[in-house]
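Reading the structure
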Amino acid sequence: EMCIRDRYQRRVRATKEKKATSSGGDESERAFSIAFPSLATGTFKFDPKKAASVAVEVISDFLKKQKDSRIRLILSDPDEDILAVYHEAYKLKDKRFIMTDCDITKMKSSGFPCGIIVNPTNWRFKSGGSGVNKAVFDAAGPSLVQATKKKYITAETGECYPVKLPSESPLYIDEGVRYIFHVLAPNMNPDRPNCLNDDYDKGEKLLKKTYQNILHHFSETALS
């Protein structure tokens, strides 16, 4: 396990050094980039190895079909143990998939400009709580709450809900984010709604659907 973490940390350092010498504000890079956290592995307590296996399968299939060299799929998660698991699971070695521990609300400031951020929301799209959902809503400001409420009422597990970020949002102004993709990942936490009670057959299918829907909307938004 330490070897896995060491390899991951070396890769992260090399990536950061490379980005430090590049222009982080590149417009074309932002337009073809999407950042997302490790879905379901935090509050929803999905097994990290199973979650990583599902995610990299969908990501690898997507990159094999999409040949555009400008694409950047960026896994941004502060948990180094989680990132190490993803790094070990990813066998394609396509450098268009990037793993980093950057703050997902400050991707441009960290050298990874992204036009789209994935937000792991709750079933009512509430801005409270903790973790990434709270961080995204706090960084985006009240205009994201209003824009989301205009389009959606409740979220279903596995679906993706794109919201165009209003131009007055701090995330738009400071970080160049154009869209927030809300998603509701499968839950294994009995203290949260719609717990699957360790039914990983259903959970993995729903998580796969979640990532597939994210990349479908990414294709429609950034690649069409």
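This section reports on the structure supplied with the text. Everything numeric in this text was worked out from a predicted model, so none of it was measured.

Some thoughts on the overall build of the protein
Across its full length, the protein holds eight helices and six strands. In sequence order, the secondary structure elements of the protein are arranged as α-α-β-α-β-α-β-β-α-α-β-α-β-α. The proportion of buried residues among the 224 residues of the protein is 49%. For the protein, restricting intrachain contacts to residue pairs at least 6 apart in sequence, the fraction spanning at least 24 positions comes to 70%.

Quick word on the pairing of strand β1 (residues 33-36)
Where burial is concerned, the two faces of β1 agree: the one with Ser33 and Ala35 and the one with Ile34 and Phe36 are both buried. Of the strand pairs in this sheet, β1 and strand β2 (residues 72-76) are connected by four bridges, and their pairing is parallel. Looking at the pairing, Ser33 lines up with Arg72 of β2. Direction of pairing for β1 relative to strand β4 (residues 116-120): parallel, over a ladder of two bridges.

Observations regarding the layout of surface pockets
Quantified by volume, the largest pocket comes out at close to 870 Å³. Around the largest pocket, the lining comprises 38 residues; the ones closest to its centre are Thr43, Pro120, Ser130, Val132 and Asn133. The element contributing the most residues to the lining of the largest pocket is helix α5 (residues 131-140), with four residues. Considered class by class, the residues forming the lining of the largest pocket number 16 nonpolar, 16 polar and six charged.

The rules behind these values
- Residues numbered from 1 in each chain as written.
- Predicted model: local features only at pLDDT ≥ 70, side-chain atom pairs only at ≥ 80, totals over all residues.
- Heavy atoms only, no water.
- Helix = DSSP H or I, 4+ residues; strand = E, 2+ residues; numbered from the N terminus.
- Buried < 20%, exposed > 50% of the residue type's maximum accessible area, 1.4 Å probe, protein only.
- Contact = heavy atoms within 4.5 Å.
- Pairing = 2+ DSSP bridges.
- 1 Å grid on protein atoms, 1.4 Å probe; cavity = no way out; pocket = protein on both sides within 12 Å on 5 of 7 lines; lining within 4 Å.
- Points joined across faces, edges and corners; volume = space filled by probe spheres on them.
- Nonpolar A, V, L, I, M, F, W, Y, C, P; charged D, E, K, R; others polar.

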